[in-house]
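# A look at the structure
Residues per chain, in single letters:
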Amino acid sequence: MSHDGVGLRAVARSVAFLTAGVLAVPALAGCSEQDEADKPVAGQDIAPARRDLVADGGTVRWAVDRVPQTLNTFQADADAGTSRVAGAVLPALYRLDANGRPQRNPDYLESAEVVDREPRQVVLYKLNQQAVWSDGREIGAADFTAQWRALSGKDTAYWTARNAGYDRVEKIERGASDLEVRVTFKKPYADWRSLFSPLYPKSVMGTPDAFNDSARRKLKVTAGPFTVRTVDRRAGDVTLRRNPRWWGRPAKLSELVLRAVPREKRAAALAGGRLDLAEIDPAEAHRVTAAGREKAGRGAPLTHGPGAALTPGRALRSWAIAHGSDEEAADEENSVRRKRAKAIAKYAGQQSSLRGFVVRKSLEPAFTQLALNGSEGPLADERVRRAVARALDREELARIVLEPLGLPAEPVGSHLALAGQHAYADSSGALGGQDTGEAQALLSDAGWVANGPVKERKKPGKASGAEASRDSDDDGSEDGSGDGTGDDGTYIVGGTDDKPADDESSTVLAPGGPGRQEENHLAQDGKQQLKPGGAPGAYAPRGTAAPGRAAAGPLAKNGKPLSLRFVLPSGPGSQSLRAVGERIALMLDRVGIRTEISKVADDSYFKDHIASGQYDLALYSWPASAFPATDARPIYAKPVPAADGSLNVEQNFTRVGTDQVDQLFDQAVAELDEGESRSLVRKADARIWAAAGSIPLYQRPQLTAARKNLANAGAFGFQTPSYEDMGYLKKP
């Protein structure tokens, strides 16, 4: 998941009525094989080229967020960099195609099929007879067996992060020849194709010590188009080189270097020749695109960058001060002017270098959701959760993020799959679309009354809402218009004032604090931000009047106002999440729900707020999985009490779950008829919608800067990269 994710494979009467059955039934009946699963919303953008057009040799330096802490994808601290290394150097029996669907990898598998269902499910793998490890040993049953034993969960000496699927295996044995592997399951397992990808050699999986330590820093034995040459943590590089023992299509590149570069420094690294390929945020994508349109040597000033804010008026004032009679002021201004000129020259030089790059864009196989913490407070009532959902215009929220990037802005219709994947169907009808009247009716039914009496509470030291606005002179700003140091980043949407705006709508108080940076990344990845200029109204400055709300006034119940704490990340790359969060707050205000927006540091956002349940509303992302019956269950399973009295939520950070959803997951993962299994997954999704614990919003953008002559690389979308096909086009 990411706060804009942790990978899936690496993280009363009304309630009974709404989730257990009746309202969800029409949507469940509508889940058929005729759905939107035929194609992704956006295709991949990788500059495809035939191999005969790609030159042999060369190095691609590909940005990663950090050097992986481990090269073992089955350990808890594995990350996206770990998966990228594994994809290039280890066997993957199945790879995802452009639709996010698993396909047999012929480099390793000649065939794989269920040969028996009774009395036990048996899968027979027939391996490619050329498939060998880099030490010359054939890939075979011994490797399958070692991996199963390590990941089965039976031996706690193995420090594994997950064992889903492997715990259902009964035995593994050699088939009729060394090239055949028979896997017998003790319980039927629909997602058997998810196993043994990646496949590690028995030297890594054979003992707990080897599993826990040997593959953290190096991989001595591999079996892919590349091998691991070096892991240089000081330099921040993982260098992969062409595998001379590779039996498949030879890698076009001589070397592939995975280089750790923070996202906010990638534009400079691209311009400085340190990177050839990098996933970037929208602001940097705008820079690269603008560089391609700018003409060198024309002397025209850039419309962006460090000199863009220098208007003619400001330039004239600066000149006047620099040449004025006040020598101290003149010296200070001249120093500022020299620094600015140096920054402008450096930026212009970078822009010139960026003309050699292009932005390739698609949609990432991950979606951003609004999470509603149903463990306590108003959101423990399903009617209130449903009211929040019915207040949202999901199409508008998707447009805020995706339209400025030129990407299709379609809301996500499923928690368990994305358009193009086998299991996808739009089940949002189980909850219903945006409807202010229905949202208000649900709130009324839950006992929340407009303009109801509210018991006065002692202020916790700092005013909020309208009072914070009137007291803003005390926040370090003399005129009350700045973002003084007294502002802690928390503010109320939906407060009232003694002097209402002209349209008598509520006022939005903008947060204080320094300017936003760029978003970190699937509760790792809220990567996107709005392109400079953003969507009109996506961010409301201090004192901006919100659109008139339909509710008669703030809602209250039992002397308490209906106010929800909305936690958002404040750090690098979070602009788009904050823009979406603030627009959501305005939508909720229209139905009488106040929100207290609290911006917190990225490093504490997930651990101290999402995972610990210290929030009412939050935005974060989950990656899509080709195997939702296995991978999505921990995210939506009903929390259960642990032995120590705490609540075991697994990865269900909304704390909302039902027995029906759990049963449907259990049925789907044990159903070997693929069509029936997908139908059960879709039914589970419809019930997840009805419970309103999380609301899928939009698929995240994927923006990649690539050298113009780099082929078969870029925004991959769903598809597993073909590392052996990446390379530079031959010169004409």
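Please read these numbers as outputs of a predicted model, since none were measured by experiment.

## Regarding a negative patch on the surface
A surface patch of like charges, here negative, comprises D326, E327, E328, D331 and E332. Note on D326: relative accessible area 46%, which makes it partly exposed.

## Things to note about the environment of T70
Mapping T70 onto the fold places it in the loop between β1 (59-64) and α3 (80-89). Judged by its relative accessible area of 0%, T70 is buried. Separated by 13 residues in the primary sequence, T70 and S83 have C-alpha atoms spaced 10.0 Å apart. Ignoring sequence-local partners within four residues, the contact set of T70 consists of Q75, D77, A78, T82, A215 and R216. Within the structure, T70 has its side chain in polar contact with the backbone nitrogen of N72 (distance 3.0 Å).

## With respect to the sheet that holds strand β4 (residues 109-116)
Within the open sheet, the four strands sit side by side as β4-β5-β7-β6. Their pairing is antiparallel. Both outer strands of the open sheet, β4 and β6 (169-174), are each paired with one neighbouring strand and no more. Strand-to-strand, the axes of this sheet are offset by a mean angle of 15°, without reference to chain direction.

## Re the nonpolar core
Counting residues in hydrophobic clusters, the biggest one holds 100 residues, and the most contacted among them are Y125, F196 and L256. Tallying contributions element by element places helix α4 (residues 141-151) first for this core, with six residues. When sequence neighbours within four positions are dropped, the list of residues in contact with F196 reads P91, L93, Y125, F144, Q147, W148, Y166, I172 and V183.

## Observations regarding helix α11 (residues 382-391)
Along α11, ten of the ten residues are buried, which leaves the element largely enclosed by surrounding structure. Looking only at α11, the buried set comprises E382, R383, V384, R385, R386, A387, V388, A389, R390 and A391.

## A few points about the pattern of salt bridges
Within the structure shown, the criterion is met by 31 salt bridges. For R193, the salt bridge identified is with E674, shortest N-O distance 3.0 Å. Judged by relative accessible area, which is 22%, R193 ranks as partly exposed. Exposure remark for E674: the relative accessible area of 41% places this residue in the partly exposed category.

## A look at the side chain of R360
Along the polypeptide, R360 turns up in strand β12 (residues 357-372). No salt bridge is formed by the buried R360; the nearest opposite charge belongs to D45, separated by 5.0 Å. At a separation of 2.6 Å, a polar atom in the side chain of R360 contacts the main-chain carbonyl oxygen of A713.

## With respect to the sheet that holds strand β18 (residues 555-557)
Spatially, three strands are ordered β13-β18-β19 in an open sheet, and the strand pairing comes out antiparallel. Either end of the sheet is taken by a strand with one partner, and the two such strands are β13 (449-450) and β19 (560-561). Strand direction decides the pairing type here: β18 and β19, joined by two bridges, are antiparallel. Opposite A556, over in β19, you have P561 as the bridge partner.

## With respect to the packing of aromatic side chains
Evaluation of the coordinates by the stated rule reveals 18 aromatic pairs. Aromatic pair Y620 and W622: ring centres 6.2 Å apart, planes at 80°, arrangement edge-to-face. Take Y620: its relative accessible area is 1%, and that puts it in the buried class. Its relative accessible area of 2% is what places W622 among the buried residues. Three or more aromatic residues link up through ring pairs in this structure, and these residues are F74, Y94, Y125, F144, Y166, W192, F196 and Y200.

## Examining the confidence of the model for the protein chain
Of the residues in the protein chain, 80% have a pLDDT of 70 or more, and the chain-wide mean is 83. Throughout residues 10-36 the model reports pLDDT below 50, and contacts reaching past four residues in sequence, or to other chains, amount to 53 contacts. For the stretch residues 460-488, pLDDT sits under 50, and the model shows 39 contacts to residues farther than four places along the chain or on other chains.

## Observations concerning helix α16 (residues 602-610)
Within an α-helix, residues lying three or four positions from one another point in the same direction, as the helix has 3.6 residues per turn. Every buried residue of α16 is accounted for by D602, S604, Y605, H609 and I610. Here the buried residues of α16 occupy an arc of 150° about the axis, which is enough to place them on one side. The outward face of α16, more than 90 degrees from its buried face, is lined by the exposed residues D603 and K607. Elements in contact with the buried residues of α16: β20 (563-569), β21 (573-574), β22 (594-600) and β23 (617-623).

## What to know about the packing of helix α9 (residues 312-322) against helix α10 (residues 327-353)
Two elements in contact, α9 and α10, have axes separated by 7 Å at closest approach and are oriented at 130°. Relative to α10, α9 is oriented oblique. Residue-level contacts link A315, S318, W319, I321 and A322 of α9 to A329, A330, E333, N334, R337 and R340 of α10. Split into classes, the residues belonging to the contact of α9 with α10 amount to six nonpolar, two polar and three charged.

## Structural notes on the pairing of strand β10 (residues 255-260)
Most of β10 is tucked away: five of the six residues are buried. Across six bridges, the pairing between β1 and β10 is parallel. When the bridges of β10 are listed, V64 appears paired with A260. For strand β9 (residues 237-242) and β10, the ladder comprises five bridges, and the chain directions are antiparallel. Residue pairing for β10: R241 is matched across the bridge by E255.

Definitions and cut-offs
Residues numbered from 1 in each chain as written. Predicted model: local features only at pLDDT ≥ 70, side-chain atom pairs only at ≥ 80, totals over all residues. Heavy atoms only, no water. Patch = residues over 30% accessible without salt bridge, like charges linked within 9 Å, V, L, I, M, F, W, Y side chains within 5 Å. Areas by Shrake-Rupley, 256 points an atom, 1.4 Å probe, with all protein chains shown as cover. Salt bridge = Lys/Arg side-chain N within 4 Å of Asp/Glu carboxyl O. Lys, Arg positive; Asp, Glu negative; His and termini not counted. Charge placed at Lys NZ, Arg CZ, Asp CG, Glu CD. Buried < 20%, exposed > 50% of the residue type's maximum accessible area, 1.4 Å probe, protein only. Helix = DSSP H or I, 4+ residues; strand = E, 2+ residues; numbered from the N terminus. Contact = heavy atoms within 4.5 Å. Polar contact = N/O pair within 3.5 Å; in protein donor to acceptor, adjacent residues only side chain to side chain. Pairing = 2+ DSSP bridges. Axes fitted to C-alpha atoms, helices over the stretch in contact; angles between N-to-C directions. Core = buried A, V, L, I, M, F, W, Y, C linked by side-chain atoms within 4.5 Å. Phe/Tyr/Trp six-rings, centres within 6.5 Å; stacked < 30°, edge-to-face > 60°. pLDDT = per-residue confidence, 0-100. Arc of directions from axis to C-beta. Parallel < 35°, antiparallel > 145°, perpendicular 65-115°, else oblique. Nonpolar A, V, L, I, M, F, W, Y, C, P; charged D, E, K, R; others polar.

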